[in-house]
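Each chain, written out:
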Amino acid sequence: MIYGMYLSASGIVANSHRQDVIANNLANAETNGFKRDLASFYQRPTEATARGAAGSRTDPILEGIGGGLFAMPTRVDNTQGDFEATGNNLDVAITGNGFFSVSDGKSANKLTRDGKFMTDAEGNLTLASSQGQHVLDQAGQPIKLDVKFPVQIGQDGTIVQNGKTVNRIGLFAVADPRQLTKVGKEMLAVTDPKALLPSQATVHSGFIERSNVDPATELTQLMDTQRQLEANANMIRYQDQMLDKLVNTVGRIG
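Every chain's residues receive numbers from 1 upward, in the order its sequence appears when written. For this predicted model, a pLDDT threshold of at least 70 governs which residues receive local features, and a threshold of 80 or more governs which side-chain atom pairs are given and counted, while totals over whole chains, interfaces and linings are taken from all residues. Neither water nor hydrogens contribute to the side-chain values; these are computed over all heavy atoms in the structure.

Visitor: Break down the sheet that holds strand S14 (residues 164-168) for me, with residues and values.
Guide: One key point about sheets: their strands pair by backbone hydrogen bonds, in either a parallel or an antiparallel sense. When DSSP locates at least two bridges between a pair of strands, those strands are taken to pair. In this description a helix means any DSSP run of H or I spanning at least four residues, a strand means any run of E spanning at least two, and both kinds are numbered starting from the N terminus. Spatially, S12-S13-S14 is the arrangement adopted by the three strands of the open sheet, whose pairing is antiparallel. The open sheet terminates on both sides in strands that have one partner only, identified here as strand S12 (152-153) and S14. Where S12 meets strand S13 (residues 158-161), two bridges bridge the pair, whose relative direction is antiparallel. In the sheet register, Gln-152 faces S13, and the bridge partner there is Val-160.

Visitor: Can you tell me about helix H1 (residues 2-27), naming the residues and giving the values?
Guide: To estimate the expected span of a helix, subtract one from its residue number and multiply by 1.5 Å. With 26 residues, H1 extends 37 Å between its outermost C-alpha atoms, agreeing within 8% with the 38 Å of an ideal straight helix rising 1.5 Å per residue. Any residue under 20% of the maximum accessible area for its type is buried, any over 50% is exposed, and the rest in between are partly exposed; the area is computed with a 1.4 Å probe on protein chains only. All of the buried residues in H1 are Leu-7, Ser-8, Ser-10, Gly-11, Ala-14, Asn-15, Arg-18, Val-21, Ile-22 and Asn-25.

Visitor: Lay out the pattern of salt bridges with the relevant residues and their values.
Guide: Note on pairing: side chains with opposite charge can pair once their charged atoms come close. In the sections that follow, a salt bridge refers to a side-chain nitrogen of Lys or Arg positioned within 4 Å of a carboxyl oxygen of Asp or Glu. Applying the stated criterion across every chain, the model contains eleven salt bridges. Among the salt bridges present, the one from Arg-210 reaches Glu-30, with a minimum N-O distance of 2.8 Å. Highlighted residues: Arg-210 in the loop between strand S20 (207-209) and helix H4 (215-248) and Glu-30 in the loop between H1 and strand S1 (37-38), separated in sequence by 180 residues. Its relative accessible area of 26% is what places Arg-210 among the partly exposed residues. In this structure, Arg-36 engages Asp-77 in a salt bridge whose closest nitrogen and oxygen atoms are separated by 3.0 Å.

Written out as structure tokens, the structure is:
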């Protein structure tokens, strides 16, 4: 009976984690360049199987049930998000494996797929977000523009003003996605800065890449997760009631 409560408890913990992941995806469905997270799980073997002692030393029924559902590290779905036309030449979307590099001047540089850019009062190319990080060029330096002239951005990130090439937006790739860690919404940190490589991705001026979250899919998964949470909670309650009868009623007979 206690083993059954353990299995149900592991189901609650695993599905609570899945619920949090899905809720975060839904919260960022309108975040430019956001990549949805995927909750993964595995069935833990029983203790006897894990120790190599399965067989006569354990209950074959319990071996068939397994050791509970456990969460694995969350994975990121890096599929391309849909493009949205903005008509703003400073907005750029990436096709392929690549990221923009941005800096707030205080901490390590971050990577992002959010290409909604603007210029600040000093002409620096920045993200059009509340934090306003500077967009960096291929050399990792801030990009400064002349606000008096319109901007044209080529597919390789080249910036042209007044008929002259003034800079090029840095595009970077990471060979091993495991080097990337989410640090808030659309921002990513690189575990090893040496893992950054020049990207051959293409940029498209006048567009932004939307989140790859499909709200309908996430809501369906959320409802399934809530049903599993409820089922596991009910199983704990039923087993608790049976234990109560076993201890307080059956135990008093005779």
